[in-house]
Amino acid sequence: MPELGKRERNRRDRQEALQRAGLELFLLRGIEPVTIDELAKAGGMAKGNFYRYFTDKGALVDSILAPVASEVRTVIRRCAIGVGRAQNTAELTAAYGMMALELARIGLSQRGVVQLYLQENRTPVTASTSSVRELSGELRSGAIHLTEVAIEHKLLNVTDARVSTLAVIGAIEQLALAVIRDGLDAPPEEIARIVVSMIMDGIRA
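Conventions we followed
Residues numbered from 1 in each chain as written. Predicted model: local features only at pLDDT ≥ 70, side-chain atom pairs only at ≥ 80, totals over all residues. Heavy atoms only, no water. Helix = DSSP H or I, 4+ residues; strand = E, 2+ residues; numbered from the N terminus. Areas by Shrake-Rupley, 256 points an atom, 1.4 Å probe, with all protein chains shown as cover. Lys, Arg positive; Asp, Glu negative; His and termini not counted. Charge placed at Lys NZ, Arg CZ, Asp CG, Glu CD. Phe/Tyr/Trp six-rings, centres within 6.5 Å; stacked < 30°, edge-to-face > 60°. Buried < 20%, exposed > 50% of the residue type's maximum accessible area, 1.4 Å probe, protein only. Salt bridge = Lys/Arg side-chain N within 4 Å of Asp/Glu carboxyl O. Contact = heavy atoms within 4.5 Å. Core = buried A, V, L, I, M, F, W, Y, C linked by side-chain atoms within 4.5 Å. pLDDT = per-residue confidence, 0-100. Axes fitted to C-alpha atoms, helices over the stretch in contact; angles between N-to-C directions. Parallel < 35°, antiparallel > 145°, perpendicular 65-115°, else oblique. Nonpolar A, V, L, I, M, F, W, Y, C, P; charged D, E, K, R; others polar.

1. A look at the overall build of the protein
Next up, step 1: Within the protein, the regular secondary structure consists of nine helices and zero strands.
Next up, step 2: For the protein, the N- to C-terminal ordering of α and β elements is α-α-α-α-α-α-α-α-α.
Next up, step 3: Dimensions of the protein, computed from C-alpha atoms along their principal axes, come out at roughly 60 × 40 × 30 Å.
Next up, step 4: Entry remark: accessible area of the protein is about 11200 Å², with carbon and sulfur atoms responsible for 54%.
Next up, step 5: Across the protein, the centroid of the 26 positively charged side chains sits 5 Å from that of the 25 negatively charged ones.

Right, dumping it as structure tokens:
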């Protein structure tokens with residue numbers, strides 16, 4: 001990869017400064033109350049300079065979420081392949097286990113961003129928070145699809161994939177918040193085991 005020129009390095013550094021400032025302020029107060037003035041000041045620049053790097057607050061939120069969102073989408077796609085190929089409950093459990101372990105790893109390595117997502121995904125939708133809600137909807141649809149595929153393969157016997165899957169997702173999100181906010185001390189492997197148990201038992205129930 002070619003080395004960045006000075007101007008491009010400066011631009012990247014300014015963007016990263018705004019991302020760090022934004023994440024800190026958003027976690028503290030929520031996305032909507034934070035102003036562009038506050039973001040620019042916390043990022044070490046004048047308000048007018050903010051718009052050199054992001055078109056608005058929503059674009060800054062997008063940039064903060066983007067790396068984690070990309071990783072999560074990749075994990076769900078990999079899980080979908082595993083679920084689609086599963087021929088028995090053990091293989092289905094293994095596919096869910098891979099997904100749970102990878103999601104736990106992402107959550108532990110990107111605590112602040114994951115906390116922001118969990119904190120904001122049930123708030124009223126605004127121009128600044130629409131990307132959070134879009135990601136939430138995408139992930140929920142993906143999880144429901146995984147359950148529907150397992151049902152089609154006769155590996156799960158539930159009457160409504162939506163209800164059971166969304167119930168499990170709600171419980172998992174609470175577990176994630178407990179790990180991130182309350183410092184629940186559990187290794188990723190144990191978190192993954194608990195999550196898979198919740199998925200399998202919860203969906204069956």
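Now that the structure has been shown, the text picks up again.
2. With respect to the packing of aromatic side chains
Next up, step 1: Evaluated as defined, the whole model comprises two aromatic pairs.
Next up, step 2: When the centroid spacing of 5.4 Å and the interplanar angle of 80° are considered together, the rings of Phe50 and Tyr51 count as edge-to-face.
Next up, step 3: With relative accessibility at 0%, the residue Phe50 sits in the buried group.
Next up, step 4: Each ring, one from Phe50 and one from Phe54, has its centre 6.0 Å from the other, and the planes form 45°; the classification is tilted.

3. What about the pattern of salt bridges?
Next up, step 1: Summed over the entire model, instances satisfying the criterion amount to eight salt bridges.
Next up, step 2: Its salt-bridge partner being Glu71, residue Arg105 comes within 3.3 Å of it at the nearest N-O pair. Taken together, the residues Arg105 in helix H5 (residues 89–109) and Glu71 in helix H4 (residues 57–85) connect sequence positions 34 residues apart.
Next up, step 3: Given a relative accessible area of 28%, Glu71 falls into the partly exposed group.
Next up, step 4: Arg140 is paired through a salt bridge with Glu173; the nearest N and O atoms lie 3.4 Å apart. Taken together, the residues Arg140 in helix H7 (residues 130–152) and Glu173 in helix H8 (residues 161–181) connect sequence positions 33 residues apart.
Next up, step 5: Assessed through its relative accessible area of 7%, Glu173 is described here as buried.

4. Details of the side chain of Ser128
Next up, step 1: Mapped onto the elements, Ser128 comes out in the loop between helix H6 (111–120) and H7.
Next up, step 2: Given the relative accessible area of 11%, Ser128 is considered buried.

5. Observations concerning H6
Next up, step 1: Among the 10 residues of H6, nine are classified as buried, and the element is accordingly described as predominantly covered.
Next up, step 2: Where H6 is buried, its residues meet helix H1 (6–29), H4, H5, H7 and H8.

6. Things to note about the nonpolar core
Next up, step 1: In terms of nonpolar packing, the biggest core is built from 56 residues, with Phe26, Leu39, Phe50, Leu60, Val83, Leu92 and Tyr96 touching the most fellow members.
Next up, step 2: Those elements that provide at least two residues to this core are H1, helix H2 (36–42), H4, H5, H6, H7, H8 and helix H9 (188–204).
Next up, step 3: Ranked by residues supplied to this core, first place goes to H4 with 12 residues.
Next up, step 4: Sequence-distant contacts of Phe26, that is, excluding residues within four places in its chain, are made with Ile31, Val34, Leu39, Lys57, Leu60, Val61, Ile64, Leu116, Gln119 and Glu120.

7. With respect to unusual backbone geometry
As a rule of thumb, non-glycine residues mostly have phi less than zero, and peptide bonds are mostly trans rather than cis.
Next up, step 1: Of note, the phi angle at Lys154 is positive, near 60°, even though the residue is not glycine.
Next up, step 2: Topologically, Lys154 is positioned in the loop between H7 and H8.

8. Comments concerning the confidence of the model for the protein
Caution applies to low-pLDDT regions: their predicted coordinates should not be interpreted in detail.
Next up, step 1: When pLDDT is averaged across the protein, the result is 88; 93% of the residues are at 70 or more.
Next up, step 2: Ranking the helices and strands of the protein by mean pLDDT puts H2 first, with 97, and H9 last, with 69.

9. Quick word on the environment of Glu148
Next up, step 1: Take Glu148: it is sitting in helix H7.
Next up, step 2: Considering only alpha carbons, one finds Glu148 and Phe50, 98 residues apart in sequence, at a separation of 44 Å.

10. Some words on the side chain of Gln115
Next up, step 1: With respect to the helices and strands, the residue Gln115 is situated in helix H6.
Next up, step 2: Residue Gln115 is classed as buried on the basis of its relative accessible area of 17%.
Next up, step 3: Not counting residues within four places of it along the chain, the set of residues in contact with Gln115 comprises Leu27, Ile180 and Arg181.

11. Things to note about the packing of H4 against H7
Next up, step 1: One can describe the packing of H4 onto H7 by two numbers: an axis separation of 10 Å at closest approach and a directional angle of 5°. Taken together, H4 and H7 sit at an angle that is classed as roughly parallel. Counted together, Val61, Asp62, Leu65, Ala69, Val72, Arg73, Ile76, Cys79, Ala80, Val83 and Gly84 of H4 and Ser131, Val132, Leu135, Glu138, Leu139, Leu146, Val149 and Ala150 of H7 form the full contact between these two elements.
Next up, step 2: In the contact of H4 with H7, the residues fall into 14 nonpolar, two polar and three charged.

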